[in-house]
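# Survey of secondary and tertiary structure
The lines below spell out each chain.
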Amino acid sequence: MASTAVASAPELPWTLIASRPHDSGAFTEGLVAHGRVLLESTGLEGRSSVRRVDPATGRVLRITHNSVRTFGEGLTVLNGLAWQLTWHNRVINVFSPASLRRKVTRPYPFEGWGLTTDGKSLIASDGSPTVRWLSPGSLRVQRTISVHDDDTPVGRLNELEMIDGVLWSNVWPTNRIALIDPADGHVRAWIDLSSLTPGIANSEAVLCGIAIDPITRLPVVTRKLWPRMYVIRLDAPIPA
């Protein structure tokens, strides 16, 4: 794996806006807004699922379980469909985002980590510094970037979210989010969320969940197995 050490991009200040409940049994792998709710993908074989979640209360409104050998990963909504990656299964699941009814399962040629969209393409990570833009029709690679901070490759890119033209990514298994320029892959800034801790001791409860909060339209973040979700606000502009 590539280094996750910080090189030259600045660390941005942020403010905690809200703390909300989250299902502590959810091994969160993907989070995305859909209308007034959050869609959430959870992992672990035998426990993987796709969920509709109330953003204010954390209540699971609807759930579809994956097959017992599936390890769910990144999740996004594009072209009226919810797309869920899988880790080593080499398939991508496609659901109705409203009913969570599975429409199709398609072969996927890469290891699945994070998934987001720019409104036209699927944007996926595989744990390496490489991020791929994929055609939703064919899943063919349209282009790639190699993520780096100065001359240092940044790997272990996990959950992805495109926010106002900037690609946000958790860097597993750290408490840091890289803010990435989607044009050339350079890290424009970092966010350190180490201070967000509900006081649980679990080595697997790492940061893995970024979405736009349907209530405030600010970023909302969580971790695997955490009982809380957190709405944050950046207190400085993201540098070029």
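Right above here is the structure, for reference.
The following paragraphs examine the structure supplied in this document. Here the structure is a predicted model, which is why all the values come from computation and not from measurement.

Basis of the calculations
- Residues numbered from 1 in each chain as written.
- Predicted model: local features only at pLDDT ≥ 70, side-chain atom pairs only at ≥ 80, totals over all residues.
- Heavy atoms only, no water.
- Helix = DSSP H or I, 4+ residues; strand = E, 2+ residues; numbered from the N terminus.
- Rg over C-alpha atoms; globule rule 2.2 N^0.38 Å.
- Buried < 20%, exposed > 50% of the residue type's maximum accessible area, 1.4 Å probe, protein only.
- Contact = heavy atoms within 4.5 Å.
- Areas by Shrake-Rupley, 256 points an atom, 1.4 Å probe, with all protein chains shown as cover.
- Lys, Arg positive; Asp, Glu negative; His and termini not counted.
- Charge placed at Lys NZ, Arg CZ, Asp CG, Glu CD.
- Salt bridge = Lys/Arg side-chain N within 4 Å of Asp/Glu carboxyl O.
- Polar contact = N/O pair within 3.5 Å; in protein donor to acceptor, adjacent residues only side chain to side chain.
- Pairing = 2+ DSSP bridges.
- Axes fitted to C-alpha atoms, helices over the stretch in contact; angles between N-to-C directions.
- Core = buried A, V, L, I, M, F, W, Y, C linked by side-chain atoms within 4.5 Å.

## Describing the overall build of the protein chain
If you tally the helices and strands in the protein chain, you get 0 helices and 22 strands. Taking 18 Å as the expected radius of gyration for a compact globule of 240 residues, we find that the protein chain reaches 16 Å, a close match to that expectation. Relative to its full complement of 240 residues, the protein chain shows a buried share of 55%. Once local pairs closer than 6 in sequence are excluded, the contacts in the protein chain between residues at least 24 apart make up 54%. Summed over its atoms, the accessible surface of the protein chain is roughly 9700 Å², and 50% of this surface lies on carbon and sulfur atoms. Taking the average place of the 25 positive charges on the side chains of the protein chain and the average place of its 22 negative ones, the gap between the two points comes to 10 Å.

## Observations regarding the pattern of salt bridges
Close approach of charged atoms allows side chains of opposite charge to pair. By the definition in use, this model includes 7 salt bridges. Among the ionic pairs, Lys224 bridges to Glu29, the shortest N-O distance being 2.8 Å. Residue Lys224 is found in the loop between β21 (219–223) and β22 (228–234), and its partner Glu29 is found in strand β2 (residues 28–34); the two are separated by 195 residues along the sequence. Pair check on accessibility: Lys224 and Glu29 agree, each one buried. Salt-bridge contacts for Arg233 lead to Asp235; the nearest nitrogen and oxygen are separated by 3.1 Å. Overall, the relative accessible area of 37% leaves Arg233 in the partly exposed class. With a relative accessible area of 37%, Asp235 lands in the partly exposed category.

## A short note on the environment of Ser48
Topologically, Ser48 is positioned in the loop between β3 (37–42) and β4 (49–53). The class for Ser48 is buried, based on a relative accessible area of 2%. Considering only alpha carbons, one finds Ser48 and Thr86, 38 residues apart in sequence, at a separation of 9.5 Å. Beyond its immediate sequence surroundings of up to four residues, Ser48 is in contact with Thr42, Gly43, His65, Asn66, Thr70, Phe71 and Gly72. There is a polar contact of 2.9 Å between the side chain of Ser48 and the backbone nitrogen of Gly72.

## Thoughts on the sheet that holds strand β7 (residues 81–86)
Taken together, 4 strands build an open sheet; the order of strands is β6-β7-β8-β9 and the sheet is antiparallel. Of all strands in the sheet, those with a lone pairing partner are β6 (72–78) and β9 (102–107), marking the two edges. Each neighbouring strand pair of the sheet contributes to a mean axis angle of 20°, computed without reference to strand direction. Direction of pairing for β6 relative to β7: antiparallel, over a ladder of 5 bridges. Residue pairing for β7: Leu75 is matched across the bridge by Gln84.

## Quick word on the sheet that holds β4
Read across the sheet, 4 strands follow the order β2-β3-β4-β5 without closing on themselves; strand pairing throughout is antiparallel. Only two strands of the sheet have a single neighbouring strand rather than two, namely β2 and β5 (60–65). Shown here is a sheet whose adjacent strand axes are inclined to one another by a mean of 20°, direction ignored.

## Focus: the nonpolar core
Core analysis: the largest hydrophobic core is formed by 23 residues, its most contacted members being Trp168, Ile177, Leu179, Ile191, Leu193, Leu196 and Val221. Elements supplying a minimum of two residues to this core: β17 (166–171), β18 (176–180), β19 (187–192), β20 (207–212) and β22. The dominant element in this core, judged by the number of residues it contributes, is β20, at 3 residues. Contacts of Trp168, omitting those with residues within four sequence positions, involve Glu159, Leu160, Glu161, Ile163, Ile177, Ala178, Leu179, Ile191, Ile210, Pro219 and Leu234.

## Some thoughts on the side chain of Arg51
Relative to the helices and strands, Arg51 resides in strand β4. Classification of Arg51 by relative accessible area gives buried; the value is 8%. A polar side-chain atom of Arg51 sits 3.0 Å from a polar atom in the side chain of Ser49. Not counting residues within four places of it along the chain, the set of residues in contact with Arg51 comprises Asp23, Ala26, Leu38, Leu39, Glu40, Thr42, Val60, Arg62, Ile63 and Leu100.

## Comments concerning the environment of Val37
Looking at the element boundaries, Val37 is found in strand β3. When the C-alpha positions of Val37 and Asp118 are compared, they lie 20 Å apart, and in sequence the two are 81 residues distant. Not counting residues within four places of it along the chain, the set of residues in contact with Val37 comprises Val32, Arg52, Val53, Pro55, Leu61 and Pro214.

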